[in-house]
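# Geometric and topological summary
These are the residues of each chain, in order.
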Amino acid sequence: MTIYDDKQQEIAEKISSDVKLSNWTDWKWQLKHSIRNIDTFEKLLGIQFDSQERNQLAETVKRFPLAITPYYLSLIDTDNYINDPIYKQAFPSISELMVNSAEMRDPLDEDKDSPVPIITHRYPDRVLFQVSGMCSMYCRHCTRKRRVGDVDLIPNRQEISRGIEYIRNTPVIRDILLSGGDPFLLSDENIDWILTELDNIPHVEVVRIGTRTPVVLPYRITDDLVNILKRHHPLWINTHFNHPREITKSSKAALRKLADAGIPLGNQSVLLAGINDHPIIIKKLVHKLVQNRVRPYYLYQCDLSEGLKHFRTPIGKGIEIMESLIGHTSGFAVPAYVIDAPGGGGKIRLMPNYLLSWSHDKVVLRNFEGVITAYQEPENYENFFGNLNIYDSKLLSSMLEGAEEYKATGIERLLSDLDETISLVPENTDRIERRSNA
Ligand SMILES: *Cc1c(COP(=O)(O)O)cnc(C)c1O
Ligand code: SF4
């Protein structure tokens, strides 16, 4: 038998002497033979750590477990593994144990915005639904490191049912993000069950699945799975490629199956020091993604989770990368650069500044090349639809079927003509304290 390349062949044979291609491409075989300790890792790649390093690595693995699929392992460049982007995402580093005081177990406060155990309801109209506690590979940069590998956190059917119940009873929710862990580590039957339940809730308009399987376990995208997914449109999938080297023959085949099933594909990358923190790497990545019908969606600033210090870059690095993408390449190949606000503020988009100045009738802008330009504002702009209150604007509600009163929140309120709010003021300051004591 031959697997796709010599490297994979060699690894497969070390795992089991009578291995066939059909084993290698069977996702359950891949999971069963996941690499979970340092010895196996050394043996399969034919490398050796010195004993001191090995001890420290063993400590790291005790705290943050190790799991790598044989497929993902086969992408490591053994000759230069120390600098390899696949190795760095998959294999522990002793830096993980150096927890910095700014790092937190739950930097995004996902556990606080949680009405039922596996749901995070942070944004007005959508929820994060962590239906799976399992992953095929434990990414070293995982923001949910505190959960990954913890078998007690694998939600059971009852917990998932409670989540579905919460969604059913909360009519403002129109968009569900299935995440985890990796939802595609659930069985086909369970995936079908969850999607069917969600389909039957009238106010749920779209479902999205976040999965890293096309990157680390592409054989999970089987024809059977795709046939199930196809029955649950509108379904969107976001995957998680961080480096162009992850786009291989196998991952391309997985993406092709999903795209051919009519599923819009997006990608969320994390900006990672020493892995992809260079404009040329990200540009190559986004080009390869769109070639495979995947639209770059987000580029995340690395979170303040425990054990991620060595992966973090300054925000300036992200802005520099955005500067090199916007205008320089296809608009639809440019992801939005976001930072998930520590403390649970949600995602904040970051961009280079294109708006340079204003006057009463002109806006001064710059483009990607440095051209500075003035846009003349319209002289007689009439605010035909009114301002942000559908209920008050009979004209607008007559044009929008079923439109309802619109309640502006946050900064939006300051812009609304119909809301009396003229400032938003933080509550717990000394100044506000003094006022209430006066
Ligand atoms: C990212 C995220 C979402 C989805 O945000 P989008 O910007 O719509 O992709 C929803 N809920 C939580 C808690 C999230 O972290
Ligand atoms: S697949 Fe996602 S949830 Fe799982 S370890 Fe990787 S980053 Fe974390």
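Bear in mind that the values here come from a model prediction, so they are computed numbers and not experimental data.

## Quick notes on the domain arrangement of the protein chain
What the domain assignment lists for the protein chain is domain 1 (6–93), domain 2 (119–350), domain 3 (353–379) and domain 4 (390–437). Between the C-alpha centres of domain 1 and domain 4 there is a distance of 54 Å.

## Brief notes about the site of ligand 2
Close contacts around ligand 2 come from 9 residues, with Cys135, Met137, Cys139, Cys142 and Arg212 the closest. Spatially, ligand 2 is embedded in the largest pocket. Residue composition of the shell around ligand 2, by class: 6 nonpolar, 2 polar and 1 charged.

## Considerations on the nonpolar core
Buried together is how nonpolar side chains tend to be arranged in soluble globular proteins. Judged by nonpolar contacts, the single largest core of 77 residues is most densely connected at Phe41 and Leu229. The greatest single-element share of this core, amounting to 5 residues, is contributed by helix H9 (residues 188–199). Mapping this core onto the domain boundaries places at least three of its residues in each of domain 1 (6–93) and domain 2 (119–350). Contact partners of leucine 229, with chain neighbours within four places excluded, come to Phe184, Ile191, Leu195, Ile209, Leu235, Ile237, Leu258 and Ile263. If you look at the next biggest cluster of nonpolar residues, it comprises 14 residues, including Ile282, Val286, Met322 and Leu350.

## With respect to the layout of surface pockets
As a volume, the largest pocket reaches approximately 1,100 Å³. The wall of the largest pocket is formed by 45 residues, among which Leu128, Arg144, Ser179, Gln268 and Tyr300 lie closest to the centre. Mapped by element, the contributors of at least two residues to the lining of the largest pocket are strand E1 (119–123), strand E2 (126–130), strand E3 (175–179), strand E4 (206–210), strand E5 (235–239), strand E6 (265–270), strand E7 (294–300) and strand E9 (346–350). Its residues assigned to classes, the lining of the largest pocket comprises 20 nonpolar, 15 polar and 10 charged.

## Some words on the packing of aromatic side chains
The tally for this structure, following the rule as stated, stands at 11 aromatic pairs. Ring geometry for phenylalanine 41 against tyrosine 87: centres 6.0 Å apart, planes inclined by 50°, an arrangement best described as tilted. With phenylalanine 41 in helix H4 (residues 38–45) and tyrosine 87 in helix H7 (residues 85–90), this pair connects stretches of sequence that are 46 residues apart. Assigned by exposure class, phenylalanine 41 and tyrosine 87 land together as buried. Following the ring pairs from residue to residue traces out a cluster consisting of Phe41, Phe49, Tyr81, Tyr87 and Phe91. Its end group placed over the ring of tyrosine 123, arginine 126 keeps NZ or CZ at 4.1 Å from the ring centre.

## Comments concerning the environment of aspartate 84
Its place among the elements puts aspartate 84 in the loop between helix H6 (70–73) and H7. Separated by 289 residues in sequence, aspartate 84 and threonine 373 have C-alpha atoms that sit 43 Å apart. Among all residues touching aspartate 84, those that are not within four sequence positions of it are Leu75, Ile76, Asp77 and Arg245. Side-chain polar atoms of aspartate 84 contact the side chain of arginine 245, separated by 2.8 Å.

Cut-offs used in this document
- Residues numbered from 1 in each chain as written.
- Chains lettered and ligands numbered in written order.
- Predicted model: local features only at pLDDT ≥ 70, side-chain atom pairs only at ≥ 80, totals over all residues.
- Heavy atoms only, no water.
- Domains from an automatic or database assignment.
- Near = heavy atom within 4 Å.
- 1 Å grid on protein atoms, 1.4 Å probe; cavity = no way out; pocket = protein on both sides within 12 Å on 5 of 7 lines; lining within 4 Å.
- Sits in = over half its atoms within 2 Å of the grid points.
- Nonpolar A, V, L, I, M, F, W, Y, C, P; charged D, E, K, R; others polar.
- Core = buried A, V, L, I, M, F, W, Y, C linked by side-chain atoms within 4.5 Å.
- Buried < 20%, exposed > 50% of the residue type's maximum accessible area, 1.4 Å probe, protein only.
- Helix = DSSP H or I, 4+ residues; strand = E, 2+ residues; numbered from the N terminus.
- Contact = heavy atoms within 4.5 Å.
- Points joined across faces, edges and corners; volume = space filled by probe spheres on them.
- Phe/Tyr/Trp six-rings, centres within 6.5 Å; stacked < 30°, edge-to-face > 60°.
- Lys NZ or Arg CZ within 6 Å of the ring centre and 35° of its normal.
- Polar contact = N/O pair within 3.5 Å; in protein donor to acceptor, adjacent residues only side chain to side chain.

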